[in-house]
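# Structure assessment
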Amino acid sequence: MVKNSPILEIQGLKASVNDTAVIKDLNLTVNPGEIHAIMGKNGSGKSTFSKIVAGHSAYRVTAGNILFNGESILEVEPEERSQKGIFLGFQYPIEIPGVSNADFLRLSCNARRKYQGLDELDPLEFFEFITQKLDVIEMDPSFLNRSVNEGFSGGEKKRNEILQMAVLDTKLAILDETDSGLDIDALKIVSKGINSLANDSNAVILITHYQRLLDYIEPTFIHVMQDGKIIKTGDKSLAKELESKGYDWLK
């Protein structure tokens, strides 16, 4: 990647599911060091956009392109997109009974390290590595021995997502309604973790309905999606305007 070139470029993207158009001429450029917030009503295409970038097989791209670090990823499988550094945080993280958090994170971390040409971490090395990352989201080490997300509260699941983001050295994090279901204390912890991981060499896309998340994470840009495309872009003041006026005034 050329220094200061975009991490993500969405160029005239159109996509469908079951022959129904869901993304309609979407354009977006995300540069290193930027935090973008995407807002909009339910059904506007926000989550669909995130899944398409991650490579979800249910969606078919019918026009346009997705460039990651200057290269098209339209034909790249989801697992390789992850290995390249794309991370999708789910609104409803799934539970994986029988798989410990420690094993899941170590295997994921080593898959990414192998792709990067780095040595894999053995269990002892990984434990030393992960212990430092736990501080990011104020998580007790005992969580590592539990099955992935099984029996976790909503806040614990979201903190676990941010831990995964930290472990994988994410270059583009797309966080789909990370604030959903969080009380104020959990929201502060999750926001603190995201802020600590954001730097000049990566980028974050926040998908949210509400302005409250943006009280703790200051976006570089806010975009409003409607009917599968971005209809308005502004700075952080746009979120407050949406909070007071809603979305209908944008039609």
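Every value quoted in this text rests on a predicted model; they were computed, and no experiment measured them.

### Quick notes on the sheet that holds strand β4 (residues 60–68)
Backbone-to-backbone hydrogen bonds pair the strands of a sheet. The strands run either parallel or antiparallel. With respect to topology, 4 strands assemble into an open sheet ordered β2-β1-β4-β5, the strand pairing being antiparallel. Of all the strands in the sheet, the pair left with one neighbour each is β2 (20–30) and β5 (71–72). In this structure, β4 lies alongside β5, joined through 2 bridges in antiparallel fashion. Bridging from a neighbouring strand, F68 pairs with E71 of β5.

### Considering the pairing of β4
Sheet topology places strand β1 (residues 8–17) next to β4; 7 bridges connect them, and they run antiparallel. Opposite A15, over in β4, you have V61 as the bridge partner. The hairpin turn running from β4 into β5, its antiparallel successor, is 2 residues long, and N69 in that turn takes a positive phi close to 55°.

### Thoughts on unusual backbone geometry
Within the chain, D19 stands out as a residue other than glycine whose phi angle is a positive 65°. Within the secondary structure, D19 sits in the loop between β1 and β2. On the basis of relative accessible area, D19 is assigned to the exposed category, the value being 71%. Positive phi values are uncommon outside glycine, yet D169 reaches one of about 50°. With respect to the secondary-structure elements, D169 resides in the loop between α5 (154–167) and β9 (172–176). Overall, D169 belongs to the partly exposed group, its relative accessible area being 40%.

Rules used throughout
Residues numbered from 1 in each chain as written. Predicted model: local features only at pLDDT ≥ 70, side-chain atom pairs only at ≥ 80, totals over all residues. Heavy atoms only, no water. Pairing = 2+ DSSP bridges. Helix = DSSP H or I, 4+ residues; strand = E, 2+ residues; numbered from the N terminus. Buried < 20%, exposed > 50% of the residue type's maximum accessible area, 1.4 Å probe, protein only.

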